[in-house]
Amino acid sequence: MFNEITGGVCAPAGFKANAAWCGVKGKGPEKPDVALILSEQECAAAAVYTLNRVKAAPLYVTMEHLENGCAWGIVVNSGCANACCPRSHESAQAMCKAAAAATGREPEDFAVASTGVIGQPLNIGAIEKGLPGIAAGLSEDGSGVTAEAIMTTDRSKKEIALSMELGGREVRLGAVAKGSCMIHPNMGTMLCFITTDCAITSQLLEEALREVAAKTFNRVVVDGDTSSNDMCVALANGMAGNPLIEWKDEDYQKFFQALEAVCTHIARAIAADGAGSTKLVTCRVRGARSEEVAERLAKSVVSSDLIKASLFACDPHWGRVMIAMGGSKAPFRPEHVDVCYRSQAGEVLACVRGEAAPLDMDRAREILAQKEVVIDVDLHEGEEEAVCWGCDLTPEAVLHNGNYRK
C-alpha cells in the first residue's frame, strides 16, 4: 500500500527546509542548531503536546498560532529548551517574527519548537541573525540537515517519507524527529514534524494525529520522564491534488494507515536510540481482554529498569516480566501467561502458564544478544493486543544522563 521514498519532510510537494549553525549551541558551524520548514501554500495544521504540567514557552505560542487550524511552516532550535527561563515566551514569539520576516509571512503562520537544556536563556539574537540566511537557502533537499539540526543527545538522524495513491493522485508524507532521553511522552513524541501534500481538513488531520500518537509515540519508554518540550506538529498543504478528505471514508482510512506507519517508524527509531542503549526492546502483549489492558501491561514491561538491565546482560529473566506486569494494576491471570523471547537469532519459550519452561540458557543468551529483542507475552484471555517499545539499560546510559550538562 505504501512505498518508502527519500526526501523526509521535503518529499511532499511544496515543502522546503534548511538549517544552519547560528550559535545557540556554541559547538561551532559543523553542527546546525536552527531549522526552518516552509510550505508554498497554507496548510491544514494539527499538533499534540506534552501532558507534563511544566510546559516550555514554544508550546504555548504554537497552541496560539494553530488555534485556527492553519500554518505555513515551523521554526525550531536545538541547544536550549527555552523552558523555565527568563523571557521564554518573548523569545518564542521573536523566533516566529524572525521566521516571518525572513520568508514574507506573518508570525502567526509558524509553529515554533525548542529542544535542549532546561533553565538556560535562549540566545534569540543568534537565531534572529541566522534565520535570513537559512530562509534564503530553503531547498527540496533540506530534510537531512533539518533532522540533524534538531538532534541533541541523539546518535542518529530520524526521518522517513512514504508515498501512496489517493483518489488517483500520488500523496506523500514525510517526517523528521529527535529524541533519545527524557522519553515517556504521554502525548506524541519529543519533537516530531510531519508534512504531507494530502488534501485533508484540519479537524480530521488532528483527529488522525491524536489517535495515531496514542498508539505509537505514547507507547515509547526510554527513561520514564516526560519532557516539557514534547510536541508533534503535522502540516498538510493539499498540493497532491487529491479530493479533499472531509469524511472518515476509505481515503481517510488509507491516510490514517500511512500516518500510523510514519509514526511507528519514528517511535521505533526513538526507542532504539535511547541514551546509552545497545538494543531496541519490543514488548507485544496479546490474548488480552482489551487493548487498554494489553497496552498497560506492555508499557509496564518496557518501563522496568530491572528488565532493561537484564536484557543488557542477555539474561532471560522472565520472572521480572511477570512482576512488572503484576505491578501495573491491569487485570490478568498470572497462571495463564506465556512469555517468549524472540529476535533474528530465533525464539525461546521461557514461561508456560505462569511457570518456568525448560530453558537452554546459551541459546537464550544468543537470542537476547541481537540489536532488537521482542518479549512476546500471551495472556490467553481474549483477542486484543498492543505493542510498546523501549531499550535496554546500560552503564553508559547512567553516565550519559549523569553528565548531560557537562
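Note that the structure is predicted; figures quoted are calculated from it, not measured.

(A) Seen up close, the packing of helix α7 (residues 291-303) against helix α9 (residues 318-326). α9 packs onto α7 with a crossing angle of 125° between their chain directions and a minimal axis gap of 8 Å. Between α7 and α9, the angle falls in the class oblique. Judged by the sense of rotation from one axis to the other, the crossing of α7 with α9 is right-handed. Residues Leu 297, Ser 300 and Val 301 of α7 pack against Val 321, Ala 324 and Met 325 of α9.

(B) Broad picture of the nonpolar core. One finds Ile 194, Ile 200 and Phe 255 to be the most contacted residues of the largest nonpolar core, which totals 41 residues. The set of elements that each furnish at least two residues to this core consists of β3 (34-49), β6 (158-166), β7 (169-178), β8 (191-196), α5 (202-215), β9 (231-236) and α6 (250-272). Ranked by residues supplied to this core, first place goes to α6 with 11 residues. Formed by 36 residues, the second largest nonpolar core is a distinct cluster that contains Val 281, Val 301, Cys 314 and Met 325.

(C) Local environment of unusual backbone geometry. The phi dihedral of Arg 87 falls on the positive side, at around 55°, and the residue is not glycine. Relative to the elements of secondary structure, Arg 87 occurs in the loop between β4 (70-78) and α2 (88-103). For His 380, which is not glycine, the phi torsion reads 55° and is therefore positive. Along the chain, His 380 falls in the loop between β14 (372-378) and β15 (384-391).

(D) Structural view of the sheet that holds β14. One open sheet holds the 6 strands; their spatial order is β13-β12-β11-β14-β10-β15, and the pairing between them is mixed. Unpaired on one side and paired on the other, β13 (355-356) and β15 mark the two borders of the sheet. Pairing of strand β11 (residues 338-343) with β14 involves 5 bridges; the strand directions are antiparallel. Residue Asp 338 lies in a different strand from β14, and its bridge partner there is Asp 378. Contacts from α6 reach β10 (280-288), β14 and β15, with the element oriented near 40° to β15. Against the sheet, α7 makes contact with β10, β14 and β15, and its axis sits at roughly 20° relative to β15, the strand it touches most.

(E) Representation of the environment of Ser 139 within the structure. Note that Ser 139 resides in the loop between α3 (124-136) and α4 (143-149). Sequence separation of Ser 139 and Ala 175 is 36 residues, and the distance between their C-alpha atoms is 16 Å. If near-sequence neighbours (up to four positions away) are discounted, Ser 139 is found in contact with Cys 10, Lys 16 and Ala 17. In this structure the side chain of Ser 139 is engaged in a polar contact, spanning 2.9 Å, whose partner is the backbone nitrogen of Asp 141.

(F) Region of interest: the environment of Gln 344. Structurally, Gln 344 can be placed in the loop between β11 and β12 (346-352). Accessibility expressed as a relative area gives 81% for Gln 344, which makes it exposed. Residues Gln 344 and Leu 235, 109 residues apart in the sequence, show an inter-C-alpha distance of 37 Å.

(G) Structural context of the pattern of salt bridges. In this structure the tally under the stated criterion is 21 salt bridges. Of the charged contacts, one joins Arg 286 and Asp 378 as a salt bridge, the two residues approaching to 3.1 Å between their closest N and O atoms. One end of the pair, Arg 286, is in strand β10; the other, Asp 378, is in strand β14, and 92 residues separate them in sequence. Taking the shortest distance from any N to any O, the salt bridge between Glu 347 and Arg 342 comes out at 3.0 Å.

(H) Local environment of the packing of aromatic side chains. Throughout the structure, instances matching the rule amount to 1 aromatic pair. Between Tyr 252 and Phe 256, the ring centres sit 6.3 Å apart and the planes meet at 40°, which makes this aromatic pair tilted. Here Tyr 252 pairs with Phe 256, and both are found in helix α6, just 4 residues apart, close to one helical turn. Just as Tyr 252 is buried, Phe 256 falls in that class too. Here Arg 105 stacks its cationic end above the ring of Trp 72, 3.7 Å away from the centre of that ring.

(I) Region of interest: the pairing of β14. Most of β14 sits inside the fold, with 6 of its 7 residues counted as buried. In terms of strand pairing, β10 meets β14 through 7 bridges, oriented parallel. If you follow Arg 286 over to β14, its bridge partner there is Asp 378.

Reading the values: the criteria
Residues numbered from 1 in each chain as written. Predicted model: local features only at pLDDT ≥ 70, side-chain atom pairs only at ≥ 80, totals over all residues. Heavy atoms only, no water. Axes fitted to C-alpha atoms, helices over the stretch in contact; angles between N-to-C directions. Helix = DSSP H or I, 4+ residues; strand = E, 2+ residues; numbered from the N terminus. Parallel < 35°, antiparallel > 145°, perpendicular 65-115°, else oblique. Left-handed = near helix turned anticlockwise from the far one by under 90°. Contact = heavy atoms within 4.5 Å. Core = buried A, V, L, I, M, F, W, Y, C linked by side-chain atoms within 4.5 Å. Buried < 20%, exposed > 50% of the residue type's maximum accessible area, 1.4 Å probe, protein only. Pairing = 2+ DSSP bridges. Polar contact = N/O pair within 3.5 Å; in protein donor to acceptor, adjacent residues only side chain to side chain. Salt bridge = Lys/Arg side-chain N within 4 Å of Asp/Glu carboxyl O. Phe/Tyr/Trp six-rings, centres within 6.5 Å; stacked < 30°, edge-to-face > 60°. Lys NZ or Arg CZ within 6 Å of the ring centre and 35° of its normal.

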